[in-house]
Amino acid sequence: MVKSLHCRIALTLIFGCLLFGKCAVARETWTAWPTVGQAEFTWLWFDVYQSTLRTPDGHFHGLSSDLTLEIRYQRQISAEQLLDATEKQWVAMGYSEESINNWLASLTQLFPTVSVDDTLYFVLLRDHGSLYFSQQGQSPQLLGDVHDIDLCHAFLSIWLGVKTQYPNLRKQLIGE
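Remember, predicted model here, so these are calculated numbers, not experimental data.

**Description of a nonpolar patch on the surface**
On the surface, a cluster of nonpolar side chains totalling about 460 Å² of accessible area is made up of Trp43, Leu44 and Trp45. Along the polypeptide, Trp45 turns up in the loop between β1 (35-43) and β2 (46-54). Since its relative accessible area comes to 67%, Trp45 is described here as exposed.

Structure, rendered in structure tokens:
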């Protein structure tokens, strides 16, 4: 009877993980995805970050497919500076002021200040995104989920979109 109860509990947990994607193993499989491409962003003579794009099959299939953008910082940058840089990119890409303001309000709740060797991961799974943060090589911790798919696509477009201000970086990331 106890064995039967344990089996039912285990099956319920497995079913819940598969159905709702709330299990740690299901949520973190993206860390093992193969690399599509890598790029380093340098401003003037400053190394700012190294970025890596990962997908389940190691190929870029566009912004509507599952992917992880990993950004490992090579200098300290405040959350405010990250938000300012994000805003400048969106303005240059032609997004509306209303959309930008709404998206920045959402990201303000999530963005941390980063230091050397800290890593941000933006994970896009199906119809939502998640932002993770790893301090100096530690295991990634969830900062929050992003359910606005337009925000997910706009954020990823900074690096991966056709209107990016850094087309050479995009080419390296998507493996061209």
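**Notes on the sheet that holds strand β6 (residues 141-146)**
Backbone hydrogen bonds hold the strands of a sheet together, and the pairing may be parallel or antiparallel. Strand order in this open sheet of six strands is β1-β2-β3-β4-β5-β6, and the pairing throughout is antiparallel. This sheet does not close on itself; its edge strands, each paired only once, are β1 and β6. Sheet twist, expressed as the average angle between the axes of neighbouring strands with direction ignored, equals 15 degrees. With six bridges connecting them, strand β3 (residues 67-73) and strand β4 (residues 119-125) associate as antiparallel partners. Following the sheet pairing, Ile71 is matched in β4 by Leu120. With respect to the sheet, helix α5 (residues 149-160) is in contact with β2, β3, β4, β5 (128-134) and β6, its orientation differing from that of β4 by roughly 125 degrees.

**Observations regarding the pattern of salt bridges**
Evaluated as defined, the whole model comprises two salt bridges. For the salt bridge of Glu70 with Arg54, the shortest nitrogen-to-oxygen distance reads 3.1 Å. Here the residue Glu70 occupies a position in strand β3, and Arg54 occupies one in strand β2, the gap between them amounting to 16 residues. The residues Glu70 and Arg54 share a single accessibility class, namely buried. Here Arg72 and Asp117 are joined by a salt bridge, their closest N and O atoms 3.0 Å apart. In this pair, Arg72 is assigned in strand β3 and Asp117 in the loop between α4 (97-108) and β4, connecting sequence segments 45 residues apart. Judged by its relative accessible area of 32%, Arg72 is partly exposed.

Calculation notes
- Residues numbered from 1 in each chain as written.
- Predicted model: local features only at pLDDT ≥ 70, side-chain atom pairs only at ≥ 80, totals over all residues.
- Heavy atoms only, no water.
- Patch = residues over 30% accessible without salt bridge, like charges linked within 9 Å, V, L, I, M, F, W, Y side chains within 5 Å.
- Areas by Shrake-Rupley, 256 points an atom, 1.4 Å probe, with all protein chains shown as cover.
- Salt bridge = Lys/Arg side-chain N within 4 Å of Asp/Glu carboxyl O.
- Helix = DSSP H or I, 4+ residues; strand = E, 2+ residues; numbered from the N terminus.
- Buried < 20%, exposed > 50% of the residue type's maximum accessible area, 1.4 Å probe, protein only.
- Pairing = 2+ DSSP bridges.
- Axes fitted to C-alpha atoms, helices over the stretch in contact; angles between N-to-C directions.
- Contact = heavy atoms within 4.5 Å.

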